[in-house]
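# Breakdown of the fold
Given next are the chains, with one letter for each unit.
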Amino acid sequence: MLPGTLIERLPRILLHIEGAVVAVAAIAVYFHAGYPWWLLVALVLAPDLSMVGYLAGNRVGAIAYDAAHTYALPVALAAIGWIAGGELAIELGLIWIVHIGVDRAVGYGLKYPTGFKDTHLQRV
């Protein structure tokens, strides 16, 4: 049986593991498809440009950050690219997924409007 404190932390631990697995899977698919490493390196931090929204306040910042850090948009982009045969959309979607996965693996979560450091995973 797991100790009480581990059980209490288990959801957060699982979200960290999930992020790492998603990031590794997206990287594996990216390189298996033969996409260029330099594009991954050049764009992997691009979703963090959404932090500019915080210049308009915590609420706008959290909305902008969260929109750029949820899997829904990059998965949809990659799926549309797959269906339409658009390689660039697939590449960008995978790079975006890598970014989000790494963020989750290291503990950066979606933001609450109360402040940049308040996330769904922990207080950063």
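Note: the structure precedes this text.
Reading the values: the criteria
- Residues numbered from 1 in each chain as written.
- Predicted model: local features only at pLDDT ≥ 70, side-chain atom pairs only at ≥ 80, totals over all residues.
- Heavy atoms only, no water.
- Helix = DSSP H or I, 4+ residues; strand = E, 2+ residues; numbered from the N terminus.
- Buried < 20%, exposed > 50% of the residue type's maximum accessible area, 1.4 Å probe, protein only.
- Core = buried A, V, L, I, M, F, W, Y, C linked by side-chain atoms within 4.5 Å.
- Contact = heavy atoms within 4.5 Å.
- Expected span 1.5 Å × (residues − 1).
- Polar contact = N/O pair within 3.5 Å; in protein donor to acceptor, adjacent residues only side chain to side chain.

### Here's the deal with the environment of A46
As for its placement among the helices and strands, A46 is situated in the loop between α2 (37–43) and α3 (58–68). Its relative accessible area of 34% is what places A46 among the partly exposed residues. The sequence separation of A46 and R59 amounts to 13 residues, and the corresponding C-alpha distance is 21 Å.

### Points about the nonpolar core
Proteins that are soluble and globular tend to have nonpolar side chains buried together. Within the largest apolar cluster, 10 residues are counted, these being A26, Y30, Y35, L39, L40, I90, L94, I95, I97 and V98. Aside from chain neighbours lying at most four places away, what touches I90 is Y35, A78, G81 and W82.

### Comments concerning helix α5 (residues 87–106)
Its 20 residues give α5 an end-to-end C-alpha distance of 29 Å, which sits within 8% of 28 Å, the value for a rise of 1.5 Å per residue. Judged by how many residues are buried, α5 sits mostly within the fold: 14 of 20 residues are covered. Phi turns positive one or two residues past the end of α5, at G107, with a value near 105 degrees.

### Points about the side chain of H99
Secondary-structure assignment places H99 in helix α5. For H99, the side chain forms a polar contact with the side chain of D48, separated by 3.1 Å. There is a polar contact of 3.0 Å between the side chain of H99 and the side chain of H69. Setting aside residues no more than four positions away along its own chain, H99 makes contact with V44, L45, P47, D48 and H69.

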